[in-house]
Amino acid sequence: MVDGTMISRTTRVHQITSFHFSTMASQLLLIGLFVASCSLALASDPSPLQDFCVADPNSQVLVNGVVCKDPKLVQADDFLFHGLQLMGNTSNAVGSNVTQVFVAQTQHFRYFNGSYYFAPHGINPPHTHPRATEILVVISGSIEVGFVTSNPDNRLLTKVLEMGDVFVFPQGLIHFQRNIGHGYAVAIAGLSSQNPGAITIANAVFGSNPDINGDILAKAFQVDKNVVYQIQSKF
């Protein structure tokens, strides 16, 4: 016969062990959530710890971004860019032109700005900025804009903007702009990263180097392979 005291002690040991495992699991879960939160917090450009950071193109230091010039050497010209009012060439397949103004072009600005020029019915094709939120301000004309939410909903949110209207495109989501007026349209854009990245969907999918296998794209878009090859040939 097993002593009742022994059973009670054994049960107590199991309860204590289960409690410790449960507590440990909760602690691990909290640590995991904390690490995930930190990862999300660090997934964008870090907040500035000084008044400004003007890029130093002559620095040999390699960092995730650009190195800041000594603030004592910064001049007013480091914050100036000429030529945004000059219309770019819109005689291309999509009927638009983007004048980029960020660190790769100016060697000064850490955050992207630029002007969009649209010929009548011109578009800025569906694309994403993996590292930045975009804000668009319409200077003239009528521009239809929109973005698509992520899976599984894939909701399309669109709006027609007029002069003075402002629209925000969330980071990483596919978005587009289209001139729906009869004349030229102009907009100014700003993005929240020194290197926002741009992935034009059609170019990436149908203009990759080398080509993505036609069978894959035919099944993905549910079209005949010949249609895929025809589209790929345009890129």
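- As annotated in an unreviewed UniProt entry, the protein chain is Germin-like protein from Centaurea solstitialis.
- Per UniProt, the protein chain has the following entry under Subcellular location (unreviewed entry): "Secreted, Extracellular space, Apoplast".
- Recorded in UniProt for the protein chain, the comment headed Sequence similarities (unreviewed entry) runs: "Belongs to the germin family."

Looking at helix α4 (residues 214-221)
Right, on to step 1. G214, L217 and A218 are the residues of α4 that are buried. Projection of α4 onto a plane perpendicular to its axis shows the buried side chains occupying an angular sector of 105°, all on one side. Of the exposed residues in α4, the ones pointing more than 90 degrees away from its buried face are I216, K219 and A220.
Right, on to step 2. Tucked inside the fold, the buried residues of α4 contact α3 (201-206) and α5 (225-233).

Considering the packing of aromatic side chains
Right, on to step 1. On inspection of all chains with the given rule, the structure shows four aromatic pairs.
Right, on to step 2. Here the aromatic rings of Y116 and F118 are separated by 6.1 Å at their centres, their planes lie at 85°, and the arrangement is edge-to-face. The residues Y116 and F118 share a single accessibility class, namely buried.
Right, on to step 3. Between F147 and F167 the ring centres are 6.2 Å apart and the planes differ by 50°, which places this aromatic pair in the tilted class. Of this pair, F147 sits in strand β5 (residues 143-148) while F167 sits in strand β7 (residues 166-169), and the two are 20 residues apart along the sequence.
Right, on to step 4. Three or more aromatic residues joined by ring pairs make a cluster, and in this case those are F147, F167 and F169.

Quick word on the environment of T158
Right, on to step 1. If you trace the backbone, T158 turns up in strand β6 (residues 156-161).
Right, on to step 2. Residue classification places T158 among the partly exposed positions, given a relative accessible area of 40%.
Right, on to step 3. Here the alpha-carbon distance between T158 and V148, two residues ten residues apart in the chain, equals 8.8 Å.
Right, on to step 4. Apart from residues lying up to four places away in sequence, T158 is in contact with V145, G146 and F176.

Concerning the environment of A198
Right, on to step 1. Inspection of the secondary structure puts A198 in the loop between β9 (185-191) and β10 (199-200).
Right, on to step 2. Classification of A198 as exposed rests on a relative accessible area of 57%.
Right, on to step 3. When near neighbours in sequence (up to four residues on either side) are disregarded, A198 contacts T128, H129 and P130.

Quick word on the pattern of salt bridges
Right, on to step 1. Counted under the stated rule, the structure contains two salt bridges.
Right, on to step 2. A salt bridge links E144 to R178, with the nearest nitrogen and oxygen atoms 2.6 Å apart. A residue pair is termed long-range when its members are at least 10 positions apart, and E144 in strand β5 and R178 in strand β8 (residues 175-179) qualify at 34 residues.
Right, on to step 3. Looking at E144, the relative accessible area reads 17%, which means it is buried.

Things to note about the pairing of β8
Right, on to step 1. Counting buried positions along β8 yields four of five residues, so the element is predominantly enclosed.
Right, on to step 2. As judged from the three bridges shared by strand β3 (residues 123-128) and β8, these two strands associate in the antiparallel manner. Residue pairing in the sheet places I123 in a bridge with R178 of β8.
Right, on to step 3. Two elements, β5 and β8, share five bridges in a ladder whose sense is antiparallel. What sits directly across from E144, in β8, is R178.

Rules behind the numbers
- Residues numbered from 1 in each chain as written.
- Predicted model: local features only at pLDDT ≥ 70, side-chain atom pairs only at ≥ 80, totals over all residues.
- Heavy atoms only, no water.
- UniProt positions renumbered as here; feature names shortened; annotations may be inferred.
- Buried < 20%, exposed > 50% of the residue type's maximum accessible area, 1.4 Å probe, protein only.
- Helix = DSSP H or I, 4+ residues; strand = E, 2+ residues; numbered from the N terminus.
- Arc of directions from axis to C-beta.
- Contact = heavy atoms within 4.5 Å.
- Phe/Tyr/Trp six-rings, centres within 6.5 Å; stacked < 30°, edge-to-face > 60°.
- Salt bridge = Lys/Arg side-chain N within 4 Å of Asp/Glu carboxyl O.
- Pairing = 2+ DSSP bridges.

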